[in-house]
Each structure stands twice: as structure tokens, then as C-alpha cells.
Amino acid sequence: MTAPERRGTTTVSDRAVRRIAGRAVTEALPGRAARATGSSAAVRGGRAEVAVDVALPYPAPLTPTVRRVQDHVTARTAELTGLDVRTARVGVTTLTPDRMTGQEDTPEREVAPGGRVPRRWWAQRRLPLGVLTLLATLTCGALATDLILVHTGHRPAAAWRTGALHWLYVHGPGEPPVTAAAVGCVLLGVWLIVLAVTPGRRGLLTAHSPAPATRVAVDRTAVAALLRDTAAGTEGVDTVAVRVRRRRATVRAALAFGDRAAAREQITEAARRALAECGLRRPLRLRVAVRPLPVWTPPPAEPAPAPLGVVAPAGGN
């Protein structure tokens, strides 16, 4: 009789792990508006790497909530798949209004004591680094292989190597092909320098974190959605357009009825509170514009009070 461990191998696909991780996001915060907007997984033998993009409830302390989702997704995926799951990567893409506010006791947001919160979120530049590494590996590998075959196998040098040396020998620095190649190398070098000294990830805004070893960033689209929902809750507002840049947030609201100045003041105050609760490392400058729609109905004018000592006649002559 064949032993159980020799009967076969169970393979868990990337797709199955990805779906389990996405489902685990909804289980992390029972009764709260949390869901997965995207997920990815890579299984290598008995280990798995998981990444999820989530929509989290608002208002809620961002760092503890993300940590809770991260721990639950990691533990739940490992439990259901039997794989060794590394700590899941969690990206917050959207903040949705939470109607269950007040049902859970959550700690207040605090600024991390000590440590420096970066102003920008630096990208890892995986694609340029991978392309450059691949080209360098292929070039050096081909050259090393040809040299080894020449010195150990007593074979003639490869045609591509001798042809390249001959071409370089017969062409001088002032010829157009050489000049074009030099310009291309210069442009490539400038591009690599720009990638090295610029942070990238322009869509992320860094935020304060209560944990010293934790970095927090909020996507611009999430901040824009938060401001849009906040402004849309103002009485009389019909539509809202929000644009969030690196240092400024612009809110444009269309007013269907009501007082224009009062609506602008309410939107400004609510938007400032929402931005303050985000805990951004660099606070955004806020600009609010309210324009009335063509069908806008102005508020009724209040009657002017009668002067003291003057009594309006009750009627008749």
C-alpha cells in the first residue's frame, strides 16, 4: 500500500490564492465597509506572496486598520492554503463612508514619536531596473561565453564580436552613426539619473504613522473620493468635482438651491476636517469653488424689520 505522502502532490494555483486573499479582506473588519479592489499572488513551491488593494471604511484610524487587514489576510490565506505566506502587502485605494461608526472602539490617530516621515513615496523602479539588468546580463553572458569557447575550445571568435570590432575600427567619431549612438547613450544615461534622483509614485501622499517602523501613504484618488463624498453631503449641492495634486486640493461644487456663501463655508469646513483626519505629512492647500446651476433657486429674502415707533396700519383708510 502506498504511503499517503507518496500518493501525489497538491498544487495551489496563483488564482486560488488570489481569490482567498481577496475574500479575507472582507472578513478582517466584520460589519464594516471593507472590500478588496484588486489582488495578486505568486506561489513558489511551498511559499506564497500576496498583495491586495483595499477600500477601507471612513472615518477610521488608517494605520491600525491596515495592520489588522494585513495580519488577517496573511493568517487566513496561510490557514486555508497550507502555504507559508509572507506578510501581505496592502494598498489603500479608496476610503468609503462607514455607517457603522461608533460600534467599535478604535484608538485615536497619533503622530509617531521620533523618526522621520518621508515627504514623498519612493518607487522601486522595478521595470527600468529589470530591463537594464536583463540587457547587461545578456551582453556580458554572450561575451563571456564566446571568450570561454575561444580559449578553452580553440574555436574562432564569434562573427558578431569580430564584426563589431571591425565596424568600430573603420568608423570614426565624427560619422553620423557614431554620433547617433553617442547621443542615444547620453539620453539613456540622463534618463537613468532622473529615475535615480526622483521619487516617483506621484499618486501617493505620505501620512504620519503611530508605529515607528511603519510607512503610510494614501492614494490621491482616495483623498479625492473622500473630499467628493464630504462635499456632496452639503445641502443644496448637486454635483462635485475634485482634483488632488501633490500640494493642493481643489473642490468645485454645483449648487442647485440655497445660499451660495453658506454652502461654500460648509464645504470648506467639512473638507478641512477630512484632510486633517487623513494625517498627511504635507497638508494640502484647499481651494473651494461653488457655482450655481442655471436652475439655481436663491434663498427667500427675509422681510426687513419695521422701524421702531412706526405701526403698520391694520387695513382700511
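Residues numbered from 1 in each chain as written. Predicted model: local features only at pLDDT ≥ 70, side-chain atom pairs only at ≥ 80, totals over all residues. Heavy atoms only, no water.

With that out of the way, let us pick up the overall build of the protein. If you tally the helices and strands in the protein, you get 7 helices and 9 strands. Put simply, the protein has 317 residues, and 29% of those count as buried. Considering only contacts within the protein whose residues lie at least 6 apart along the sequence, 65% involve residues at least 24 apart. For the protein, the computed accessible surface area is about 21,000 Å², with 58% contributed by carbon and sulfur atoms. (Helix = DSSP H or I, 4+ residues; strand = E, 2+ residues; numbered from the N terminus. Buried < 20%, exposed > 50% of the residue type's maximum accessible area, 1.4 Å probe, protein only. Contact = heavy atoms within 4.5 Å. Areas by Shrake-Rupley, 256 points an atom, 1.4 Å probe, with all protein chains shown as cover.)

With that out of the way, let us pick up the nonpolar core. Grouped together as the largest cluster of nonpolar side chains are 51 residues, with contacts concentrated most on Val-50, Leu-56, Leu-227 and Val-244. Excluding anything up to four places from it in sequence, Leu-56 contacts Leu-29, Ala-33, Leu-62, Thr-65, Val-66, Val-69, Val-92, Thr-94, Leu-95 and Thr-96. (Core = buried A, V, L, I, M, F, W, Y, C linked by side-chain atoms within 4.5 Å.)

Okay, the packing of helix α6 (residues 220-232) against helix α7 (residues 260-278) next. Put simply, α6 and α7 touch, their axes get as near as 9 Å, and they point 145° apart. The handedness of the crossing between α6 and α7 comes out as right-handed. Taking contact as the criterion, the partners of Val-223, Leu-226, Leu-227, Thr-230 and Ala-231 in α6 are, on α7, Ile-267, Ala-270, Ala-271, Ala-274, Leu-275 and Cys-278. Classifying every residue of the contact of α6 with α7 by side-chain character gives 10 nonpolar, 1 polar and no charged. (Axes fitted to C-alpha atoms, helices over the stretch in contact; angles between N-to-C directions. Left-handed = near helix turned anticlockwise from the far one by under 90°. Nonpolar A, V, L, I, M, F, W, Y, C, P; charged D, E, K, R; others polar.)

Turning our eyes to something else, we now look at the pattern of salt bridges. Pairing between side chains of opposite charge can happen when the charged atoms of each approach one another. A full pass over the atoms with the stated rule returns 7 salt bridges. The salt bridge involving Glu-49 is made with Arg-44; its shortest N-O contact spans 3.7 Å. Residue Glu-49 is classed as partly exposed on the basis of its relative accessible area of 25%. With a relative accessible area of 55%, Arg-44 lands in the exposed category. The shortest N-O distance in the salt bridge between Asp-84 and Arg-47 comes to 3.7 Å. Taken together, the positions of Asp-84 in strand β3 (residues 84-85) and Arg-47 in strand β2 (residues 47-58) put the pair 37 residues apart, joining distant regions of the chain. (Salt bridge = Lys/Arg side-chain N within 4 Å of Asp/Glu carboxyl O.)

Before going further, it helps to examine the pairing of β2. Burial runs high along β2: 9 of the 12 residues are buried. The sheet contact formed by strand β1 (residues 35-44) and β2 spans 9 bridges and is antiparallel. Counterpart to Ser-39 in the pairing with β2 is Val-52. Counted between consecutive antiparallel strands, the loop separating β1 from β2 contains 2 residues, among which Gly-45 sits at a positive phi close to 70°. Here β2 pairs with strand β4 (residues 89-97) via 8 bridges, running parallel. Paired with Ala-51 across the strands is Arg-89, a residue of β4. (Pairing = 2+ DSSP bridges.)

What follows is about a nonpolar patch on the surface. A surface patch of nonpolar side chains, about 310 Å² in accessible area, is lined by Leu-127, Val-131 and Leu-135. The topology assignment puts Leu-127 in helix α3 (residues 126-152). Under the relative-accessibility criterion, Leu-127 is labelled exposed at 66%. (Patch = residues over 30% accessible without salt bridge, like charges linked within 9 Å, V, L, I, M, F, W, Y side chains within 5 Å.)

The next thing to look at is a positive patch on the surface. Side chains of Arg-243, Arg-245, Arg-247, Arg-248, Arg-252, Arg-264, Arg-272, Arg-285 and Arg-287 sit close together on the surface and give a patch of like positive charge. When residues of the positive patch are traced back to their parent elements, those giving at least two are β8 (248-257), α7 and β9 (285-297). Note on placement: Arg-287 falls in strand β9. Judged by its relative accessible area of 40%, Arg-287 is partly exposed. (Lys, Arg positive; Asp, Glu negative; His and termini not counted. Charge placed at Lys NZ, Arg CZ, Asp CG, Glu CD.)

Locating Arg-220 in the fold gives a position in helix α6. Despite its burial, Arg-220 pairs with no opposite charge, the nearest such side chain being Asp-219 at 7.4 Å. Apart from the residues lying within four places of it in its own chain, the contact partners of Arg-220 are Arg-202, Gly-203, Leu-205, Val-244, Arg-245 and Arg-246.

This part takes up the confidence of the model for the protein. The pLDDT averaged across the protein works out to 79; a share of 81% of its residues lies at or above 70. Within the protein, the element-level pLDDT minimum falls on strand β6 (residues 216-219), averaging 78, and the maximum on β8, averaging 90. Below pLDDT 50 for its whole length, residues 100-115 participates in 22 contacts with residues either more than four positions away or in separate chains. (pLDDT = per-residue confidence, 0-100.)

In this section: the pairing of β8. Bridge analysis of strand β7 (residues 237-244) against β8 gives 7 bridges, and the strand direction is antiparallel. From the neighbouring strand, Ala-241 faces β8, where its bridge partner is Arg-252. Hairpin geometry of β7 and β8 is characterised by an intervening segment of 3 residues between the two adjacent antiparallel strands.

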